[in-house]
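This is what each chain is made of:
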Amino acid sequence: QVRLVESGGGLVQPGGSLRLSCTASGFTFSVYAMAWYRQAPGKQRELVANIISTGSTNYTDSVKGRFTVSRDNAKNTVYLQMNILKPEDTAVYYCNGRRPPTTWVREYGYWGQGTQVTVSP
């Protein structure tokens with residue numbers, strides 16, 4: 001049974017930091033591409049960052065220089081370190097895993113249940 005379990009969300013002030021974690025089970029984590037998406041109220045879900053099996057990463061422009069995605073294959077866990085958080089980062093953050101070969105032009109694969117991140121004074 002495939003499971004993706006996110007944790008680490010919460011309420012933080014602007015300029016603060018949070019680290020999200022997503023622990024996977026039920027598939028060969030080390031060969032899968034992993035990603036973080038987010039969905040703000042009234043908006044479509046967007047791809048925030050991804051990391052493939054080689055460790056190569058990509059970020060959406062609005063988080064470049066502030067967010068870092070990483071993975072620990074020994075722990076079957078992917079992380080999203082979020083620094084200098086802004087109110088516009090407020091969203092539900094979802095973990096996603098997809099089998100290679102990978103395309104990022106559409107949504108597919110395994111999903112976690114989401115974790116709420118709220119950035120507010």
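All values derive from a computational prediction rather than experimental measurement. (Residues numbered from 1 in each chain as written. Predicted model: local features only at pLDDT ≥ 70, side-chain atom pairs only at ≥ 80, totals over all residues. Heavy atoms only, no water.)

A. Spatial organisation of the overall build of the chain. Each helix and strand counted, the chain has zero helices and 11 strands in total. Helices and strands appear in the chain in the N-to-C order β-β-β-β-β-β-β-β-β-β-β. For 121 residues, the compact-globule estimate of 2.2 N^0.38 gives 14 Å, and the C-alpha radius of gyration of the chain, at 13 Å, lies within 12% of that figure. The principal-axis extent of the C-alpha atoms belonging to the chain is close to 40 × 25 × 25 Å. When the 121 residues of the chain are sorted by exposure, 40% land in the buried category. Here the contacts in the chain between residues at least 6 apart in sequence split such that 56% fall between residues at least 24 apart. With the model as given, the accessible surface of the chain reaches about 6300 Å², and the carbon-plus-sulfur share is 48%. In the chain, 13 positive and 7 negative side-chain charges are present, and the distance between their average locations comes to 5 Å. (Helix = DSSP H or I, 4+ residues; strand = E, 2+ residues; numbered from the N terminus. Rg over C-alpha atoms; globule rule 2.2 N^0.38 Å. Buried < 20%, exposed > 50% of the residue type's maximum accessible area, 1.4 Å probe, protein only. Contact = heavy atoms within 4.5 Å. Areas by Shrake-Rupley, 256 points an atom, 1.4 Å probe, with all protein chains shown as cover. Lys, Arg positive; Asp, Glu negative; His and termini not counted. Charge placed at Lys NZ, Arg CZ, Asp CG, Glu CD.)

B. Fine view of the state of the cysteines. Using the criterion set out here, one finds one disulfide in the structure. One disulfide in the model links Cys-22 with Cys-95; its S-S distance is 2.1 Å. Residues Cys-22 and Cys-95 are joined by a disulfide whose S-S torsion is about -80 degrees; by sign, that bridge is left-handed. A residue pair is termed long-range when its members are at least 10 positions apart, and Cys-22 in strand 3 (residues 18-25) and Cys-95 in strand 9 (residues 91-98) qualify at 73 residues. You'll find Cys-22 and Cys-95 in the same group, each marked buried. (Disulfide = S-S within 2.5 Å.)

C. Inspection of the sheet that holds strand 1 (residues 3-7) at higher detail. Taken together, the four strands give an open sheet; going across it, the order is 1-3-8-7, and neighbouring strands pair in antiparallel fashion. If you trace the sheet from one side to the other, it starts and ends with strand 1 and strand 7 (67-72), each paired once. Between one strand and the next, the sheet's axes are offset by a mean angle of 15 degrees, whatever the strand orientation. Two elements, strand 3 and strand 8 (residues 77-82), share six bridges in a ladder whose sense is antiparallel. Bridged to Thr-23 within strand 8 is Thr-77. (Pairing = 2+ DSSP bridges. Axes fitted to C-alpha atoms, helices over the stretch in contact; angles between N-to-C directions.)

D. Structural detail: the pattern of salt bridges. With the rule as written, the count across this model stands at five salt bridges. In this structure, the salt-bridge partner of Lys-64 is Asp-61, at a minimum N-O distance of 3.0 Å. Accessibility expressed as a relative area gives 60% for Asp-61, which makes it exposed. Three or more residues joined by partner-sharing salt bridges are found here, namely Arg-38, Glu-46, Arg-66 and Asp-89. (Salt bridge = Lys/Arg side-chain N within 4 Å of Asp/Glu carboxyl O.)

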